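# Survey of secondary and tertiary structure
Chain by chain, the residues run as shown.
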Amino acid sequence: MSPREYDETDVRVRPGRGSRPRTKTRPEHADAQEAMVVTVDRGRWGCVLGRDPARRVTAMRARELGRTPIVVGDDVDIVGDLSGRTDTLARIVRRGPRRTVLRRTADDTDPTERVFVANADQLLIVVALADPPPRAGLVERALIAAYAGGLVPILCLTKSDLAPAEPFTAQFADLDLTIVTAGRGDGIDEVGALLAGKVTALLGHSGVGKSTLVNRLVPEAERAIGTVTDVGKGRHTSTQSVALPLKFGGWVIDTPGIRSFGLAHIAADDVMMAFSDLAEAIADCPRGCGHMGPPADPECALDALTGPAAGRVSAARRLLTAMREG
């Protein structure tokens with residue numbers, strides 16, 4: 001055969017697109033089962049079916065969800081292999097609506113918010129009375145995040161054997177904030193009663209005794225964390241949240257120790273709406289009112305309140321000041 005002669009073997013025919021029409025219709029997944037996300041680890045989600053701690057499965061995000069964020073506490077629908085056996089993988093096909101969210105930004109200049117716990121009923125703010133000394137700024141910011149996200153805040157004081165609680169707690173007296181102590185010499189029953197039957201997120205700086213508190217509430221916490229986070233792609237790290245079942249009912253979501261708590265995504269109205277009496281009053285404020293009172297907001301309707309409500313105004317304005325000052 002001369003160099004200029006060819007046959008059919010010399011020609012590569014590109015296959016056509018086929019006759020199957022493309023569609024955007026997605027399966028309904030009517031057989032999907034409800035689950036709660038208890039851990040997240042690099043593209044794998046640990047879930048419990050029907051909130052039963054004994055029915056744990058590992059799941060990935062279905063393609064139709066795209067980049068829909070899924071965090072600890074989210075209610076999801078999952079399909080696929082739900083046996084929970086080693087090396088099996090289910091798929092998350094839907095994320096349910098979020099009743100509450102705990103969110104923050106990297107700092108007060110970063111507009112990008114990050115939800116790191118969903119559907120928690122309460123926020124337990126853990127603060128040590130000494131070693132390290134308590135920081136009112138963290139409590140104020142956590143309170144703001146709780147109020148804006150729909151969670152009920154609770155202040156939990158550790159290391160109560162090293163310092164008295166009153167000097168620190170007095171500054172939050174007008175907020176009607178529930179305060180409990182959980183030092184080494186204190187029982188755990190009072191804290192347990194507040195957490196029973198609820199989903200509670202724990203928040204605190206490193207070193208305040210949060211891990212000790214978790215171990216007292218969930219004695220098998222280390223074993224449970226190792227089991228729940230064994231989702232096929234590596235060991236659990238301290239940079240992720242994890243939900244643990246409580247023996248008296250409910251769940252506790254242990255979050256990593258925080259270094260910063262930005263509130264760039266929260267407006268002044270978000271804080272005031274957490275107080276029913278103040279929420280009614282700000283309806284009479286002029287547009288753009290920052291609710292700080294004179295001289296910044298000379299026509300703020302909150303200045304007309306008297307009695308206990310006036311005390312809450314002062315406390316709420318301290319929260320706003322803490323938010324603005326960073």
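This text goes with the structure placed above it.
For the structure given in this document, a descriptive report is provided here. (Residues numbered from 1 in each chain as written. Predicted model: local features only at pLDDT ≥ 70, side-chain atom pairs only at ≥ 80, totals over all residues. Heavy atoms only, no water.)

### Focus on the packing of helix α1 (residues 136-149) against helix α8 (residues 308-325)
In a packed pair of helices, the relevant descriptors are the angle between the two axes and the axis-to-axis distance. Running from amino to carboxyl end, α1 crosses α8 at an angle of 105 degrees, the nearest separation of the two axes being 9 Å. If you check the angle between α1 and α8, you find them roughly perpendicular. Residues Glu-140, Arg-141, Leu-143, Ile-144 and Tyr-147 of α1 lie in contact with α8, whose contacting residues are Leu-319, Ala-322 and Met-323. Here the residues of the contact of α1 with α8 are counted per class, giving six nonpolar, no polar and two charged. (Axes fitted to C-alpha atoms, helices over the stretch in contact; angles between N-to-C directions. Helix = DSSP H or I, 4+ residues; strand = E, 2+ residues; numbered from the N terminus. Parallel < 35°, antiparallel > 145°, perpendicular 65-115°, else oblique. Contact = heavy atoms within 4.5 Å. Nonpolar A, V, L, I, M, F, W, Y, C, P; charged D, E, K, R; others polar.)

### Some remarks on the pairing of strand β6 (residues 101-105)
Of all five residues making up β6, five are buried, and the element is well covered by its neighbours. Here β6 shows a buried face lined by Val-101, Arg-103 and Thr-105 and a second buried face lined by Leu-102 and Arg-104. Pairing of β6 with strand β7 (residues 113-118) involves five bridges; the strand directions are antiparallel. Residue pairing in the sheet places Val-101 in a bridge with Ala-118 of β7. (Buried < 20%, exposed > 50% of the residue type's maximum accessible area, 1.4 Å probe, protein only. Pairing = 2+ DSSP bridges.)

### Re the packing of aromatic side chains
Aromatic ring pairs are reported here in terms of the distance separating the ring centres and the angle at which the planes meet. Throughout the structure, instances matching the rule amount to two aromatic pairs. Ring geometry for Phe-168 against Phe-172: centres 5.5 Å apart, planes inclined by 70 degrees, an arrangement best described as edge-to-face. The same class applies to Phe-168 as to Phe-172, namely buried. (Phe/Tyr/Trp six-rings, centres within 6.5 Å; stacked < 30°, edge-to-face > 60°.)

### Digging into the pattern of salt bridges
Applying the stated criterion to the full structure yields nine salt bridges. A salt bridge links Arg-94 to Asp-77, with the shortest nitrogen-to-oxygen separation between them at 2.8 Å. Separated by 17 residues along the polypeptide, Arg-94 in strand β5 (residues 90-95) and Asp-77 in strand β4 (residues 75-80) bring together distant segments of the chain. A residue is classified by how much of its surface remains accessible, and Arg-94, at 33% relative accessible area, is partly exposed. (Salt bridge = Lys/Arg side-chain N within 4 Å of Asp/Glu carboxyl O.)

Shape descriptors only; they carry no functional weight alone.
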